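# Remarks on the overall topology
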There are 2 protein chains.
Amino acid sequence: MEAEQTTTAQLAQELRTTVGRLVRRLRAEPGPPVAQFTLLARLDRFGPASISDLATAERMRPQSMAQTVRDLERAGLVSRRPDPDDRRRAFVELTEAGHVMLSDTRARREGWLAEALERELDAGERETLHAGLVLLRRLADI
Amino acid sequence: MEAEQTTTAQLAQELRTTVGRLVRRLRAEPGPPVAQFTLLARLDRFGPASISDLATAERMRPQSMAQTVRDLERAGLVSRRPDPDDRRRAFVELTEAGHVMLSDTRARREGWLAEALERELDAGERETLHAGLVLLRRLADI
DNA sequence: TATTGTTATACTCTATAACTATA
DNA sequence: TATAGTTATAGAGTATAACAATA
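My aim in this report is to walk through the structure given alongside it, one point at a time.

The rules behind the values
- Residues numbered from 1 in each chain as written.
- Chains lettered and ligands numbered in written order.
- Predicted model: local features only at pLDDT ≥ 70, side-chain atom pairs only at ≥ 80, totals over all residues.
- Heavy atoms only, no water.
- Salt bridge = Lys/Arg side-chain N within 4 Å of Asp/Glu carboxyl O.
- Helix = DSSP H or I, 4+ residues; strand = E, 2+ residues; numbered from the N terminus.
- Buried < 20%, exposed > 50% of the residue type's maximum accessible area, 1.4 Å probe, protein only.
- Near = heavy atom within 4 Å.
- Polar contact = N/O pair within 3.5 Å; in protein donor to acceptor, adjacent residues only side chain to side chain.
- Nonpolar A, V, L, I, M, F, W, Y, C, P; charged D, E, K, R; others polar.
- Contact = heavy atoms within 4.5 Å.
- Buried area = accessible area lost by both parts, 1.4 Å probe.
- Arc of directions from axis to C-beta.
- Core = buried A, V, L, I, M, F, W, Y, C linked by side-chain atoms within 4.5 Å.
- Axes fitted to C-alpha atoms, helices over the stretch in contact; angles between N-to-C directions.
- Parallel < 35°, antiparallel > 145°, perpendicular 65-115°, else oblique.
- Least-squares fit on C-alpha atoms with pLDDT ≥ 70 in both.

A word on the pattern of salt bridges. Pairing of side chains with opposite charge becomes possible as their charged atoms draw close. Per the stated rule, a full pass over the model turns up 31 salt bridges over all chains. Residues Arg59(B) and Asp141(B) are paired through a salt bridge, measuring 3.5 Å at the closest nitrogen-oxygen approach. Linking Arg59(B) in the loop between helix 3 (51-57) and helix 4 (62-74) with Asp141(B) in the segment after helix 7 (123-140), this pair joins segments that are 82 residues apart in sequence. Given the relative accessible area of 45%, Arg59(B) is considered partly exposed. Through salt bridges with shared partners, one network takes in Arg21(A), Arg59(B), Arg137(B) and Asp141(B).

Below you can see the structure in the form of structure tokens.
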């Protein structure tokens, strides 16, 4: 089907372009780097976790996750608590400063996204967006 | 509304996480770097354009776009044609090699995304995705 | 003066390779 | 041997600053 194929290819390009624009928009917002903020938010929502678990959750190499954690640790925003049952592992958790940074950023600056979702989209649109994200997630996990 | 706020915050986090995963997934696919491929696809679809126009279209700094164009030019995939009406400007356009690379990549490797859209999603889901992308684009353009 | 474009430089993000320590 | 984690290194992607040429 010629028309169908064209549509799919266009959708692919649209997706690529839109994702690129969105990433740049997110990055432009002041506050900690996106990857670091994402990790802080994850730790806050799901609690302490090991490097491996965090890497798996974000579909990222453990070495890459280790870098992000190292940067956050140097900034004093997360700390490590050794796993008493397995001395190879350590739980990464938010420090008090990490909590403060997170809520601070959410409230003052990085809240941009949440605010935009509230302000620019109505309830129905948020549902549509959610449905779209579920599909994007599925594509990302293939 | 407490519940409403929580939902919006969660949606924001979901968006952030999903976009991150998707970017990494796209990057993992073999072929030319994502930014370069995106530009090749744009030139193919919309025709020659100046650096400034391309930067505006992708919501990117002209200096950043100049880098991408320079890399593609060095690889022989795009060329510049001076604008006869304005000697500051030049039109960036696909070379024959650029066309070949584009269709080659689309067919063999980078076609992953288009294929996935065909294979993993049905027509209704593609519509939902499209609607979601329109909203994401709106958010990116705020 | 404003616009188009360039080069230099730096930061973020993430990957692969090679390694240590523990299980 | 397998798993958890680290450091070293490199490449992609993009930004800001400072500049040159043209309008």
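So much for the structure itself; the text now carries on.
So, on to the protein's contact with DNA strand D. The immediate surroundings of DNA strand D are formed by 24 residues, with Arg24(A), Ser52(A), Arg80(A), Arg88(A) and Pro33(B) found nearest. Here the atoms of DNA strand D within 4 Å of the protein split so that 70% fall in sugar or phosphate, with bases taking the remainder. At a separation of 2.5 Å, a phosphate oxygen of DNA strand D approaches a polar side-chain atom of Ser52(A). Among the secondary structure elements, those contributing two or more residues to the surface near DNA strand D are helix 1 (2-28), helix 3 (51-58) and helix 4 (62-74) of chain A together with helix 2 (34-46) and helix 4 of chain B. Among the elements that make up the surface near DNA strand D, the one with the highest residue count is helix 4 of chain A (four residues). Split into classes, the residues belonging to the surface near DNA strand D amount to seven nonpolar, seven polar and ten charged.

Turning next to the interface of chain B and chain A. If you look at the interface, chain B gives 57 residues, while chain A gives 56 residues. Taken over both partners, the interface formed by chain B and chain A buries close to 6,000 Å², and the fraction arising from carbon and sulfur atoms is 63%. Here chain B and chain A share six salt bridges between them. As a salt-bridge pair, Arg24(B) and Glu58(A) come within 3.7 Å of each other at their nearest N and O atoms. Applying the counting rule to chain B against chain A returns 18 residue pairs in polar contact (both at pLDDT 80 or more). Residue assignment for the side of chain B that touches chain A shows that the elements contributing at least two residues are helix 1 (2-28), helix 2, helix 6 (112-120) and helix 7 of chain B. Among the elements that take part in the side of chain B that touches chain A, helix 1 of chain B stands out by supplying 19 residues, more than any other.

Taken together, 23 residues sit near DNA strand C, with Ser64(A), Arg24(B), Ser52(B), Arg80(B) and Arg88(B) positioned nearest. For DNA strand C, the fraction of atoms within 4 Å of the protein that belong to sugar or phosphate moieties is 70%. One of the backbone nitrogen or oxygen atoms of Val34(A) is found 2.9 Å away from a phosphate oxygen of DNA strand C. Note that a base nitrogen of DNA strand C is positioned 3.3 Å from one of the side-chain N or O atoms of Gln63(A). Where the surface near DNA strand C is concerned, the elements lending two or more residues are helix 2 (34-46) and helix 4 of chain A together with helix 1, helix 3 and helix 4 of chain B. Tallied by class, the residues present in the surface near DNA strand C amount to seven nonpolar, seven polar and nine charged.

The next subject is helix 3 of chain A. Residues and elements named next belong to chain A. All of the buried residues along helix 3 are Ile51, Leu54, Ala55 and Glu58. Looking down the long axis of helix 3, one finds its buried residues gathered within 100 degrees of arc, a one-sided arrangement. The first or second residue beyond helix 3 is Arg59, which carries a positive phi of 55 degrees.

Let's shift gears to the nonpolar core. Of all hydrophobic cores here, the largest spans 34 residues; its most connected members are Leu15(A), Leu129(A), Leu139(A), Leu15(B), Leu129(B) and Leu139(B). Taken together, the elements giving at least two residues each to this core come down to helix 1, helix 6 (112-120) and helix 7 (123-140) of chain A together with helix 1, helix 6 and helix 7 of chain B. The contacts of Leu15(A), once residues within four sequence positions are left out, are Leu136(A), Leu139(A), Leu22(B), Leu113(B), Leu129(B) and Leu133(B).

Describing two packed helices takes the angle between their axes plus the distance from one axis to the other. Residues and elements named next belong to chain A. Packing of helix 2 against helix 4 brings their axes to within 10 Å, and their N-to-C directions diverge by 85 degrees. Relative to helix 4, the element helix 2 lies roughly perpendicular. Across the interface between the two elements, Ala35, Gln36, Leu39 and Leu40 of helix 2 pack against Met65, Thr68, Val69, Asp71 and Leu72 of helix 4. Here the residues of the contact of helix 2 with helix 4 sort into six nonpolar, two polar and one charged.

Right, let's talk about the environment of Gly124(A) for a bit. Residue and element names in this part refer to chain A. Note that Gly124 resides in helix 7. When its relative accessible area of 41% is taken as the criterion, Gly124 is described as partly exposed. A sequence separation of 75 residues divides Gly124 from Ala49, and the C-alpha atoms of the two residues are 34 Å apart.

For the pair chain B and chain A, the best superposition has an RMSD of 0.1 Å and corresponds to a rotation of 180 degrees with a translation of 0.0 Å parallel to the axis. Taken together, the rotation and translation describe the operation of a two-fold axis. Nearest to the rotation axis, the C-alpha of Gly132(B) is located 2.4 Å from it, this being the minimum over chain B. A share of 98% of interface residues in chain B that are also interface residues in chain A marks the association as one of identical surfaces.

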